[in-house]
Amino acid sequence: MPVFALVDCNNFYASCEKLFRPDLKDTPVVVLSNNDGCVVARSREAKLLGIKMGVPVFQVKAEMQRHGILAFSSNYALYADLSSRVMRTLEEMAPRVEVYSIDEAFLDLTGIESAISLVEFGQQVRERIGNWIGITVCVGIAPTKTLAKLANHAAKKYPATQGVVDLTNPDRQRRLLALVPVDDVWGVGRRLSKRLNALGITTALDLANASPRAIRDQFSVVLERTVRELNGESCIELEEIPPIKKQIVCSRSFGAKVTHFELLREAICEYATRATEKLRKEQQQAKVLTLFIRTSPFKDDEPQYSNSASGELLIPSCDTRDFIELANHLLKRIWKDGFRYAKAGVMLSDFYNPGMFQPGLFDDVSTRSNSQQLMSVLDTINQSGAGKVFFAGQGTKKDWSMKREHLSPAYTTRWDQLPRVK
DNA sequence: TCTGGGGTCCTAGGACCC
DNA sequence: TCTGGGGTCCTAGGACCC
């Protein structure tokens, strides 16, 4: 029988912010989305005060002031660095690790039970990550990923578990499932839970007891898998090596609404540049770029406009210049005067491994002669920390760039922002 | 004034082919 | 009056995840 563990960092972004601010130990803290728009993470204290996940900040500003809740802009340099430390530690402890998200990993613990009890192993993981990195994690252990998720859920919810729940025992599985609302099950979102509730399926146990065949007919094979997984039949494997990406997106809401073509053009040049950098990091080439621009859907008293356009290169590329050119061309096609634009984005798709593309017999496939060298020099300079090189089209003022008014220092990734001890 | 960003998978339906 | 069947590919939309 396979054994999976799900290790999940508690209140990850908020915990990262507190790590270098011991003075905030018991202070309620929230972390905001890009543009300081929504609450995307809450410390334990902030959760207890009833601040909801995902609320727009302006709706809870008064409440936050009243309770002395501190807000931070999101600081991905910090979170990504601490995340990689957590993941490296896990990789030292378990034979196979799947980094599932910035704050979660699945481990394959099959067979380790002969050497150490699963709960004891979970406690060791907790201790080591707590001691070495200063982040608290919870561990859920079960024969399927879906059950491991639920076990983790329970480990977080019930303090008596001391942060580790072993759900390998079927009786224990059933007892927990009966307590869990169906929408807390991995793979069941708002829409599905509504439809399931209408069928009288309200707990995870109800779903586990449903007929897989009937669920497949009425819903989909995805939910059928969930049913099986809840019954201890492992259908979702551990993915140690992340699959190759099929698309790369770079999109942002603007810090201030954009009304001039030239400013929007700068922004999409910047996004095309970022997206192409990611593409090179994946060692892929892309053929298609999709551009979208839109006004704010929350402003129902303002004229609305939203549009997108796709364009294709003759041959796949990872040269920033090709995609800036294409994005500019597409923007001219969909730009309309007289709107207050709130967001734009660039998406790359139709990927090829370098050298794998078969051009048509009569295609003009002449390429830029210095492409590879130029891009690699660009990437090297920009990643060295020594300075930045960029394309003129990205602009220098960046009036559209996002708002980050409560940003903490990049404590662990920049020499000039190291924490100081007085 | 102020409402995130980046992904994946599945399904239904239409276009097209023989 | 009567108008097939089977297959593939693509796209848009819907659902989910963090």
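So, how was this worked out
- All residue numbers refer to position in the chain's written sequence, counted from 1.
- Chain letters start at A and ligand numbers start at 1, both assigned in the order the entries are written.
- Local features in this predicted model are restricted to residues of pLDDT 70 or higher, and side-chain atom pairs are both shown and tallied only at a pLDDT of 80 or more, whereas totals for entire chains, interfaces and linings draw on every residue.
- Side-chain descriptors were evaluated using all non-hydrogen atoms of the structure, hydrogens and water having been removed beforehand.
- UniProt positions are given in the numbering used here, feature names are shortened, and annotations may be inferred rather than shown by experiment.
- Two strands qualify as a pair provided that DSSP identifies no fewer than 2 bridges between them.
- Strands are runs of DSSP state E lasting at least 2 residues, helices are runs of H or I lasting at least 4, and numbering of each runs from the N terminus.
- Here, axes are lines fitted to C-alpha atoms. For helices the fit covers the stretch in contact, and angles between N-to-C directions go from 0 to 180 degrees.
- Partly exposed residues are those whose accessible area sits between 20% and 50% of the maximum for their type, while under 20% is buried and over 50% is exposed, using a 1.4 Å probe and protein chains only.
- The contact criterion used throughout is that any non-hydrogen atoms of two residues lie within 4.5 Å.
- Using a 1 Å grid laid over the protein atoms alone, points where a 1.4 Å probe fits but cannot get out form a cavity; open sets with protein on both sides within 12 Å along at least 5 of 7 lines form a pocket; any residue with an atom within 4 Å of a point counts as lining.
- Grid points are joined across faces, edges and corners, and a volume is the space filled by probe spheres set on the points.
- The cutoff for a nearby residue is simple: one of its non-hydrogen atoms must lie within 4 Å of the molecule or strand.
- Polar contact is defined as a pair of N or O atoms within 3.5 Å, subject to the rule that within protein one atom must be able to donate a hydrogen and the other to accept it, and that residues adjacent in sequence are counted only when both atoms are side-chain atoms.
- Residues are grouped as follows: nonpolar covers Ala, Val, Leu, Ile, Met, Phe, Trp, Tyr, Cys and Pro; charged covers Asp, Glu, Lys and Arg; every other residue, Gly included, is treated as polar.

Taking an unreviewed UniProt entry as the reference, chain A is identified by name as Translesion error-prone DNA polymerase V subunit UmuC belonging to Pseudoalteromonas qingdaonensis. Check the Sequence similarities (unreviewed entry) section of the UniProt entry for chain A; it says "Belongs to the DNA polymerase type-Y family."

Colleague: How would you sum up the sheet that holds strand β1 (residues 4-9)? Please name residues and give values.
Modeller: Two strands in a sheet stick together by hydrogen bonds in their backbones, pointing the same way (parallel) or opposite ways (antiparallel). Sheet architecture is open: 5 strands sit in the order β5-β6-β1-β7-β8, paired in mixed fashion. Bordering the open sheet on either side are β5 (96-101) and β8 (164-166), each of which pairs with just one other strand. Along the sheet, successive strands turn relative to each other by an average axial angle of 15 degrees, direction set aside. Looking at chain direction, strand β7 (residues 137-142) and β8 are connected through 3 bridges and run parallel. Following the sheet pairing, Ile-141 is matched in β8 by Asp-166.

Colleague: Let's hear about the side chain of Thr-226: which residues, and what values?
Modeller: Along the chain, Thr-226 turns up in helix α11 (residues 221-230). Thr-226 sits in the buried class, given a relative accessible area of 7%. If sequence neighbours within four positions are ignored, Thr-226 has contacts with Thr-146, Val-185, Trp-186 and Leu-207.

Colleague: Residues and numbers for empty space enclosed by the protein, please.
Modeller: Under the definition given, this model contains 1 cavity of 30 Å³ or more. Roughly 80 Å³ of volume is contained in the largest cavity. In this structure, the largest cavity is lined by Leu-150, His-153, Ala-154, Lys-157, Tyr-158, Leu-176, Leu-179, Val-180, Pro-181 and Asp-184. Mapped onto the lining of the largest cavity, the elements with two or more residues apiece are α6 (145-157) and α7 (170-179). In terms of residue count, the dominant contributor to the lining of the largest cavity is α6 (4 residues).

Colleague: Can you explain the protein's contact with DNA strand C? Please cite residues and give values.
Modeller: Inspection of the region around DNA strand C gives 13 residues, with Glu-104, Lys-149, Gly-189, Arg-191 and Leu-192 positioned closest. Counted by atom, the contact set of DNA strand C within 4 Å of the protein is 100% sugar and phosphate. The contact in question runs from a sugar or linking oxygen of DNA strand C to an N or O atom on the side chain of Asp-103, over 3.2 Å. Contact between DNA strand C and Glu-104: a sugar or linking oxygen at 2.7 Å from a side-chain N or O atom of the residue. Going through the elements one at a time, β5 and α8 (190-198) are the ones with two or more residues in the surface near DNA strand C. The element best represented in the surface near DNA strand C is α8, accounting for 3 residues. Per-class residue counts for the surface near DNA strand C are 5 nonpolar, 3 polar and 5 charged.

Colleague: So, the protein's contact with DNA strand B: which residues are in play, and what are the values?
Modeller: If you check the shell around DNA strand B, you find 24 residues, and the closest are Val-249, Ser-251, Arg-252, Ser-253 and Lys-299. At the protein interface, 74% of the atoms of DNA strand B within 4 Å belong to sugar or phosphate. Between DNA strand B and Ser-33 there is a distance of 3.0 Å, counted from a sugar or linking oxygen to a side-chain nitrogen or oxygen. Backbone polar atom of Val-249 to a phosphate oxygen of DNA strand B: 2.6 Å apart, as the coordinates give it. Elements represented by at least two residues in the surface near DNA strand B include exactly α11 and β9 (247-258). Per element, the largest residue contribution to the surface near DNA strand B is 8 residues, and it comes from β9. Here the residues of the surface near DNA strand B are counted per class, giving 9 nonpolar, 7 polar and 8 charged.

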